[in-house]
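An overview of the molecular structure
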Amino acid sequence: MPEVAKGSCLCGAVRFSVPQTFPVAYFCHCAQCRKITGTAYASNLFADPAGFVWMSGEDRIQRFDHPSRGFTKAFCRDCGSGIPYLNSAGTRMVVPAGSLDTEPDIGAADRIFWDDRADWCDIVDLAPHHCGFPD
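Please read all numbers here as calculations on a predicted model, not as lab measurements.

**Some thoughts on the overall build of the protein chain**
Along its length, the protein chain carries two helices and ten strands. Its helices and strands in sequence order give the protein chain the pattern β-β-β-α-β-β-β-β-β-β-β-α, from N to C terminus. Taken over C-alpha atoms, the radius of gyration comes to 15 Å for the protein chain, in line with the 14 Å a tight globule of 135 residues would show. Taking the principal axes of the C-alpha coordinates as reference, the protein chain spans close to 40 × 40 × 30 Å. Considering only contacts within the protein chain whose residues lie at least 6 apart along the sequence, 59% involve residues at least 24 apart. Accessible surface, the protein chain: about 8400 Å² in total, of which carbon and sulfur atoms supply 53%. Of the side chains in the protein chain, 12 bear a positive and 16 a negative charge, and the two mean positions are spaced by 7 Å.

Written as structure tokens, this is what we have:
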């Protein structure tokens, strides 16, 4: 039986557990993922819904399904943090990597829609690293 990863929203109202069986992570650079996350790319893992468990706060989840495009955003109503959701086919839980409290065991990773990336995305890898705010 696989180990279990735990996750939550920022305020802790929504908590969940999911088996550590993430065969792939997708870092999606498309414009809609940039808009829905407010970042350079969406970092999503995919899990079997059979092992996924809401531990608390399921009633605090708000889900947005775009009416004419195939994307979804689920978030905590209290703090706005992105949280997992069942894909439209009902076959996979889409787990935002940043929602995990446990370091995920990722089998592989792919950067998708790379040609759609923001021009400024390329400078991120070259930017200086700091352990906190720079002086």
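Further notes follow.
**Considerations on the layout of surface pockets**
The computed volume of the largest pocket comes to approximately 720 Å³. For the lining of the largest pocket, the elements supplying multiple residues, two or more each, are β3 (25–28), α1 (31–37), β4 (42–47), β7 (72–76) and β9 (93–96). In terms of residue class, the lining of the largest pocket is built from 18 nonpolar, twelve polar and four charged.

**Examining the pattern of salt bridges**
Applying the stated criterion across every chain yields a total of two salt bridges. Linking D78 and R60 is a salt bridge whose minimum nitrogen-to-oxygen distance equals 3.0 Å. Of this pair, D78 sits in the loop between β7 and β8 (85–86) while R60 sits in the loop between β5 (53–56) and β6 (61–65); the two residues are 18 residues apart in sequence, bridging distant segments of the chain. A residue is classified by how much of its surface remains accessible, and D78, at 46% relative accessible area, is partly exposed. Where R63 meets D65, a salt bridge forms, and the shortest distance between an N and an O atom there is 2.9 Å.

**Topic: the sheet that holds β5**
One open sheet holds the three strands; their spatial order is β1-β2-β5, and the pairing between them is antiparallel. Sheet topology places β1 (4–8) and β5 at the edges, where each strand pairs with a single neighbour. Each neighbouring strand pair of the sheet contributes to a mean axis angle of 25 degrees, computed without reference to strand direction.

**Concerning the pairing of strand β2 (residues 15–19)**
Most of β2 is tucked away: four of the five residues are buried. As judged from the three bridges shared by β2 and β5, these two strands associate in the antiparallel manner. Bridging from a neighbouring strand, R15 pairs with S56 of β5.

**Some details on the environment of A50**
Inspection of the secondary structure assignment puts A50 in the loop between β4 and β5. A sequence separation of 20 residues divides A50 from G70, and the C-alpha atoms of the two residues are 23 Å apart.

**Things to note about the packing of aromatic side chains**
Centre distance and the angle of the planes are the two values used to describe a pair of aromatic rings. Tallied over the entire structure, the rule returns five aromatic pairs. Pairing F16 with F52 gives two aromatic rings, centres 5.3 Å apart and planes at 20 degrees, and the pair type is stacked. Within this pair, whereas F16 is found in strand β2, its partner F52 is found in the loop between β4 and β5, the two being separated by 36 residues in sequence. Ring geometry for F16 and W54: centres 6.0 Å apart, planes at 75 degrees, overall edge-to-face. Linking F16 in strand β2 with W54 in strand β5, this pair joins segments that are 38 residues apart in sequence. Through pairs of rings, three or more aromatic residues link up here, namely F16, F52 and W54. The ring of Y41 has R111 sitting right over it, with the charged end atom 5.5 Å from the ring centre.

Cut-offs used in this document
- Residues numbered from 1 in each chain as written.
- Predicted model: local features only at pLDDT ≥ 70, side-chain atom pairs only at ≥ 80, totals over all residues.
- Heavy atoms only, no water.
- Helix = DSSP H or I, 4+ residues; strand = E, 2+ residues; numbered from the N terminus.
- Rg over C-alpha atoms; globule rule 2.2 N^0.38 Å.
- Contact = heavy atoms within 4.5 Å.
- Areas by Shrake-Rupley, 256 points an atom, 1.4 Å probe, with all protein chains shown as cover.
- Lys, Arg positive; Asp, Glu negative; His and termini not counted.
- Charge placed at Lys NZ, Arg CZ, Asp CG, Glu CD.
- 1 Å grid on protein atoms, 1.4 Å probe; cavity = no way out; pocket = protein on both sides within 12 Å on 5 of 7 lines; lining within 4 Å.
- Points joined across faces, edges and corners; volume = space filled by probe spheres on them.
- Nonpolar A, V, L, I, M, F, W, Y, C, P; charged D, E, K, R; others polar.
- Salt bridge = Lys/Arg side-chain N within 4 Å of Asp/Glu carboxyl O.
- Buried < 20%, exposed > 50% of the residue type's maximum accessible area, 1.4 Å probe, protein only.
- Pairing = 2+ DSSP bridges.
- Axes fitted to C-alpha atoms, helices over the stretch in contact; angles between N-to-C directions.
- Phe/Tyr/Trp six-rings, centres within 6.5 Å; stacked < 30°, edge-to-face > 60°.
- Lys NZ or Arg CZ within 6 Å of the ring centre and 35° of its normal.

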